[in-house]
Amino acid sequence: MARPSVVFEPVQFSDLPGWEGDDHAAALRAFLKSKKLLAKSAPDLARELENAEGADWRAGEARQFFESLFTAHRVLHNKSHGLLTGYYEPVLRGSRTRHGPFHVPVYRCPPDLVNLVDDTLRGTVGEALTHARKTESGELVPYPTRAEIESGALEGRDLELLYLADAIDAYVMHVQGSGLIELEDGSTVRLSYDGKNGHPYTSIGRYLVEKGIFTVEEVTLDRLISWLRADPERAREVMRQNASYIFFRELTESEPDSALGVDGVPLTAGRSLAVDASIHGLGLPIYVVAPDLLHTPEGGPFRRLMIAQDVGSAITGPERGDIFFGTGSEAGQRAGMTHHAGNFFVLLPRQNSQAFA
């Protein structure tokens, strides 16, 4: 897949719209969680983060922290702006056993699944397979599609993690990449992305627009879910247009109490950003400007220092970002409303900046 031509043009921090008004202390708290991501690519920067941990940072001090360690760069490519969407962690009801309403399995990653590309780059290969099944003879073959898996292709292999009550809820969790599951005994478990079947992701919202069911402006997550719930048979066929299928793992008690991004980095609502990792260095700050994005809890326009801590199969391009809005239905409403033009200003470390440009 041909990658776009991208230039990072140095600018002054004073050129960033609204830079001084942002909550840089909140951004720094999120950035501190990138230490693991930066340990190999920017060890000097990772050490700076380690030294910064535990301090009571005020907004002005945090802004100076970023300005002293980084230089700002405008992202130039063949378009005037990029696209921002949103994602979240749904809260769903589930069961350890299949009974009553709980009949939709959530599968763990099968042992015969093989990565064909680095999982952080799964959105960059276009229609090519990102994962495959390794047969007993060692041959690599395509893994079953969503339709085939839902028809029983993985049954009898003891891969079930738990069961959900609703196929549409399960589909939403697949698209979001994580879920907080409320079990019948009142306890909760957190599920996180642990691989996919390798088939390319297809947006069913875009599919319904192409079919003339919705206009682009009409498609929100709430409206899409309502349309799917109105006719379960129709919903199943539409959801199967997306052949991609996600496998999950259950987080342990020793892991962070939050949704996770790349390499297990805890995500921060409103500060973590999924990006195209073939273009942007994971773990680094990106200042995002989206004047028409007004529905965050703080109001708009959206001018915020984000941290590149996640990726996604649909997140490709120089200024393509997916904002993590948090956990639960309110976060889901905000995420589902987000489809806005935006621009990136990438912060590159003053030391070793060429490694990321």
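For the structure itself, consult the block above.
Residues numbered from 1 in each chain as written. Predicted model: local features only at pLDDT ≥ 70, side-chain atom pairs only at ≥ 80, totals over all residues. Heavy atoms only, no water.

Q: Help me understand the pairing of strand 4 (residues 91–95), please; the structure alone is not making it clear to me.
A: Regular strands have side chains that alternate between both faces of the sheet. Pairing of strand 4 with strand 10 (residues 178–182) involves three bridges; the strand directions are parallel. Looking across to strand 10, one finds that Arg93 is bridged to Glu182. Bridge count for strand 4 against strand 9 (residues 160–164) is two bridges, and the pairing is antiparallel. Paired with Gly94 across the bridge in strand 9 is Leu164. (Pairing = 2+ DSSP bridges. Helix = DSSP H or I, 4+ residues; strand = E, 2+ residues; numbered from the N terminus.)

Q: Help me understand the sheet that holds strand 6 (residues 113–115) in this model?
A: The pairing of strands in a sheet comes from backbone hydrogen bonds and takes either a parallel or an antiparallel form. One open sheet holds the three strands; their spatial order is 6-7-8, and the pairing between them is antiparallel. A strand with exactly one partner marks an edge of an open sheet, and here the two such strands are strand 6 and strand 8 (140–141). Two strands pair when backbone bridges link them, and strand 6 and strand 7 (residues 131–134) are joined in this way by three bridges, in the antiparallel orientation. Bridge pairing in strand 7 links Val114 to Ala132.

Q: What's the story with unusual backbone geometry in this structure? I'm lost.
A: As a rule of thumb, non-glycine residues mostly have phi less than zero, and peptide bonds are mostly trans rather than cis. Looking along the chain, the bond that leaves Gly300 and enters Pro301 is cis, with omega of 0°. Topologically, Pro301 is positioned in the loop between strand 14 (285–290) and strand 15 (302–310). One non-glycine residue, Asp158, lies in the positive phi region at around 55°. Exposure remark for Asp158: the relative accessible area of 63% places this residue in the exposed category. Positive phi values are uncommon outside glycine, yet Asp263 reaches one of about 55°. Structurally, Asp263 can be placed in the loop between strand 12 (246–250) and strand 13 (272–274). Assessed through its relative accessible area of 48%, Asp263 is described here as partly exposed. (Buried < 20%, exposed > 50% of the residue type's maximum accessible area, 1.4 Å probe, protein only.)

Q: Mind showing me how you'd approach the side chain of Asp22 here?
A: With respect to the element layout, Asp22 can be found in the loop between strand 1 (7–11) and helix 1 (24–31). There is a polar contact of 3.1 Å between the side chain of Asp22 and the side chain of Arg271. A polar contact is formed between the side chain of Asp22 and the backbone nitrogen of Leu305, at a distance of 2.9 Å. Excluding residues that lie within four positions of it along the chain, Asp22 makes contacts with Arg271, Tyr287, Arg303, Arg304 and Leu305. (Polar contact = N/O pair within 3.5 Å; in protein donor to acceptor, adjacent residues only side chain to side chain. Contact = heavy atoms within 4.5 Å.)

Q: So what exactly am I meant to see when it comes to helix 4 (residues 59–69) here?
A: Because an α-helix packs 3.6 residues into every turn, residues spaced three or four apart end up facing the same way. Taken together, the buried positions of helix 4 are occupied by Ala62, Phe65, Phe66, Glu67 and Leu69. Looking at the buried positions of helix 4, the neighbouring elements they touch are helix 1, helix 3 (43–52), strand 2 (70–76), strand 14, strand 15 and strand 17 (339–349).

Q: Honestly, the environment of Leu83 in this entry has me stumped. Any pointers?
A: Take Leu83: it is sitting in strand 3 (residues 82–89). The partly exposed category is assigned to Leu83, whose relative accessible area is 26%. Sequence spacing of Leu83 and His340 is 257 residues, and the spatial spacing of their C-alpha atoms is 5.7 Å. Setting aside anything within four residues of it in sequence, one finds Leu83 in contact with Glu319, Arg320, Gly321, His339 and His340.

Q: What is the right way to look at the sheet that holds strand 11 (residues 188–196) in this model?
A: Ordered in space as 5-9-4-10-11-12, the six strands form an open sheet in which the pairing is mixed. The open sheet has two edge strands with one neighbour each: strand 5 (104–107) and strand 12. Taken pair by pair, the neighbouring strands of this sheet meet at an average axis angle of 45°, ignoring direction. In this sheet, strand 12 lies alongside strand 11 in antiparallel orientation, the contact comprising four bridges. Pairing of Lys196 across the sheet is with Ile246, part of strand 12. In the packing of helix 6 (residues 167–176) onto the sheet, contacts are made with strand 4, strand 5, strand 9, strand 10, strand 11 and strand 12, and the angle to strand 10 comes to roughly 140°. (Axes fitted to C-alpha atoms, helices over the stretch in contact; angles between N-to-C directions.)

Q: Hey, could you run me through the nonpolar core in this one?
A: In terms of nonpolar packing, the biggest core is built from 69 residues, with Phe31, Phe66, Phe70, Leu228 and Leu273 touching the most fellow members. Non-local contacts of Phe70, meaning those with residues more than four positions away in its chain, are made with Phe13, Phe31, Leu45, Leu284, Pro285, Leu347, Leu348, Pro349 and Arg350. With 15 residues, the next largest nonpolar core counts Leu92, Leu162, Ala170 and Tyr193 among its residues. (Core = buried A, V, L, I, M, F, W, Y, C linked by side-chain atoms within 4.5 Å.)

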